[in-house]
Amino acid sequence: MLRRLALAVLLALLLGGGLTDAAFAGGPVECPPLLPTCYVEVEGPGDPGTPADPPGGGSGSSGGSERKCIFDWGPNFERKEVPCYDDFFGWFNDESSCYWKLTDSQPPDDVTWEGHYPDGAIYDVYCPVVFPGSEGGRAWRATPPPGYGGVTITPAQLAQRAVDQMKLTGPEIHMSIPVDRFATVGVPVWLWTEVTATTWGPTSATASVPGLSVTATARARQIVWDTGDGRSETCRNPGTPYYTGRVVSPTCQHVYERSSADQPDTAYRVTATTTWDVTWTGGGSSGSLTVTRVSEGSVRVGEVQVLVTTS
Amino acid sequence: MAGMLAATLLAACSNPAPEPTATTTVVTPTPTPTPTPSRTLSVDPTVAATEAVILQAYQGYWDAMVRILANPDPFDDANKPLWNELEQYAVDKAQSDLFATAYQLSDSGIAMKGEPVLDPSVSDIVIDTSATVTDCVDSTDWQPISAATGESAAAPGQATRVTASSTLIFHDDRWVVNSYTPNRDQTC
């Protein structure tokens, strides 16, 4: 189940072609390193190697509060969840997909030191599948391998760190009325933000600690424009920059009904809140979260005084 | 392909395993000033004792392996005493390869049932350093059994007796198996 084509080929080589293709009909043939006998894997309901889903069944949308360790050897292999730590075999290392444990005695005469003694340490490395380049056995390292001693941060916490790295902001507020001019009661004020990675997205970032890495992607969902007059506009778009020759914004605008003359500073305070949807994946789990970012601005609204003169 | 297989089998039949004791060679780590050559067919007591200790370690490795692979899940706490026992007899690849073997069997829902018949012999002894054990493993009664069906999962057409080679090293004041490799294409 674990290995597919690669092993069939390997077995064919090992047995010098002694097995006919018909022998493979029952399923993939496995030849673990120490067995004198290869066996045919029969897939059945009792097979514990069902991929993907964690044993606890926590595949919910907000899952991933804990680190998961996935045994992943590339496209020809099935991904399996394995324990991140075992008393005997040590800590799972995501990079090598092997378990690493500090060798108890650290014997100075062990050839594994390769002259480094007493720098670094020697480890016993246990790989679930053995092939050239990843055999397991004793190994020397100057520093502990990724994931060693456990990763105390959870993927969800690391996702939050990735979000921080993105430096998401609220909208870069623009309105069709320059700040030094007055908007007019009854005339639409266009509302928009400059579209950048940090004001509208999409944007992504990766946060890592040794043994764990999480990538988060953020997309703005909407901007709620609190226009300061007791009302608000919700726009599921960044808005449209104002251009002359048009009165009504095709996407996002607000029409003031009263002058801002009685407001502090004679201006309406505009508070624009962007809601960001963030999805993240890493450490064998994934999840989503929502963050908001706020910007502020102001707009002065005046009434057009129509002077009617009668003669 | 068939011709090649036949040739292999023929070679295997006409070429029986070497007599274990007769080929035992001894290499001492430092040249000894004795007039008798260090390579000898008459086994001196030290070497005989060392050989016995080496075979004990090899047998200890196998005993632990057979019991571990009878219930191979490496993460099962119930198996931890066996792995601790294994550490008395094995280091390096001999240990990590057993982990891989156990993991793969467990992952496939298969356990090794029964016991193999071994026929080990020691050679290349370097006192307090290293030695080689060659073996002929008879797996007639040591078979991969599917937990689901209770039936043998052995791939068809395989030899039941194959050679195996192992290196042991003198490590932490004792002899331990450093590596063990079955040669599935070498019958004996």
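**Student:** Explain the overall build of chain B to me, using residue names and the numbers behind them.
**Tutor:** Scanning chain B from N- to C-terminus turns up four helices and seven strands. Ordering the α and β elements of chain B from the N terminus gives α-β-α-α-α-β-β-β-β-β-β. Going through the 188 residues of chain B one by one, you find that 39% of them count as buried. Considering only contacts within chain B whose residues lie at least 6 apart along the sequence, 64% involve residues at least 24 apart.

**Student:** How would you summarise the overall build of chain A if you had to cite specific residues and measurements?
**Tutor:** Scanning chain A from N- to C-terminus turns up two helices and 18 strands. Looking at chain A residue by residue over its 311 residues, the buried ones come to 37%. Nonlocal contacts in chain A, meaning residues at least 24 apart in sequence, comprise 61% of its contacts between residues at least 6 apart.

**Student:** So what about the interface of chain B and chain A? Which residues, and what values?
**Tutor:** When the parts of a complex come together, some accessible area is lost, and that lost area is often taken as the interface size. Chain B puts 45 residues into the contact, and the matching count from chain A is 45 residues. Those elements that provide at least two residues to the side of chain B that touches chain A are α1 (2-14), α3 (80-86), α4 (92-108), β5 (142-146), β6 (161-171) and β7 (174-187) of chain B. Looking at the side of chain B that touches chain A, the element that brings in the most residues is α4 of chain B, giving 14 residues. Of the residues assigned to the side of chain B that touches chain A, the class counts are 25 nonpolar, twelve polar and eight charged.

**Student:** An account of the nonpolar core is needed here, citing residue identities and associated values.
**Tutor:** Core analysis: the largest hydrophobic core is formed by 70 residues, its most contacted members being A57, Y61, I68, L168, V176 and V177 of chain B. Of all the elements, helix α2 (residues 45-70) of chain B adds the most residues to this core, at nine residues. When residues no more than four places from it in sequence are discounted, the contact partners of A57 of chain B are Y89, L168, W175, V176 and V177 of chain B. In this structure, A162, M166, A205 and L212 of chain A belong to the second largest nonpolar core, which totals 18 residues.

**Student:** Run through the sheet that holds strand β12 (residues 189-193) of chain A, naming residues and quoting values.
**Tutor:** Residues and elements named next belong to chain A. Here we have three strands laid out as an open sheet, ordered β10-β12-β16, and antiparallel in their pairing. Here the strands that pair on one side only, and so sit at the sheet edges, are β10 (173-175) and β16 (253-254). In terms of strand pairing, β12 meets β16 through two bridges, oriented antiparallel. Paired with V189 across the bridge in β16 is H254.

**Student:** Give a detailed account of α4 of chain B, specifying residues and quantitative values.
**Tutor:** All names here are of chain B. Its 17 residues give α4 an end-to-end C-alpha distance of 25 Å, which sits within 8% of 24 Å, the value for a rise of 1.5 Å per residue. In terms of burial, α4 is largely enclosed, as 17 of its 17 residues are buried. Where α4 ends, the next residue or the one after it, G109, has phi of about 70 degrees, a positive value.

**Student:** Quick rundown of the packing of α2 of chain B against α4 of chain B? Include the residues and the values.
**Tutor:** Residues and elements named next belong to chain B. Between α2 and α4, the least distance of the axes is 10 Å, while the angle of their chain directions is 20 degrees. Our classification of the angle between α2 and α4 gives roughly parallel. Where α2 crosses over α4, the two elements pack in a sense that is right-handed. Contact residues: α2 offers Y61, M65, I68 and L69, while α4 offers A94, L98, T101, A102 and L105. By residue class, the composition of the contact of α2 with α4 is eight nonpolar, one polar and no charged.

**Student:** Talk me through the pairing of strand β7 (residues 98-102) of chain A; I want residue IDs and the actual numbers.
**Tutor:** All names here are of chain A. Of the strand pairs in this sheet, strand β6 (residues 90-93) and β7 are connected by three bridges, and their pairing is antiparallel. Counted as the bridge partner of F92 is Y99 from β7. Hairpin remark: β6 followed by β7, antiparallel, with four residues in the connecting loop; positive phi at S97, about 55 degrees. Sheet analysis places β7 next to strand β8 (residues 121-126), joined by four bridges and oriented antiparallel. Residue pairing for β8: K101 is matched across the bridge by D124.

Conventions used here
Residues numbered from 1 in each chain as written. Chains lettered and ligands numbered in written order. Predicted model: local features only at pLDDT ≥ 70, side-chain atom pairs only at ≥ 80, totals over all residues. Helix = DSSP H or I, 4+ residues; strand = E, 2+ residues; numbered from the N terminus. Buried ≥ 20, exposed ≤ 12 C-beta atoms within 10 Å, placed from the backbone. Contact = placed C-beta atoms within 7 Å. Nonpolar A, V, L, I, M, F, W, Y, C, P; charged D, E, K, R; others polar. Core = buried A, V, L, I, M, F, W, Y, C linked by C-beta atoms within 7 Å. Pairing = 2+ DSSP bridges. Expected span 1.5 Å × (residues − 1). Axes fitted to C-alpha atoms, helices over the stretch in contact; angles between N-to-C directions. Parallel < 35°, antiparallel > 145°, perpendicular 65-115°, else oblique. Left-handed = near helix turned anticlockwise from the far one by under 90°.

Geometry only, nothing functional implied.
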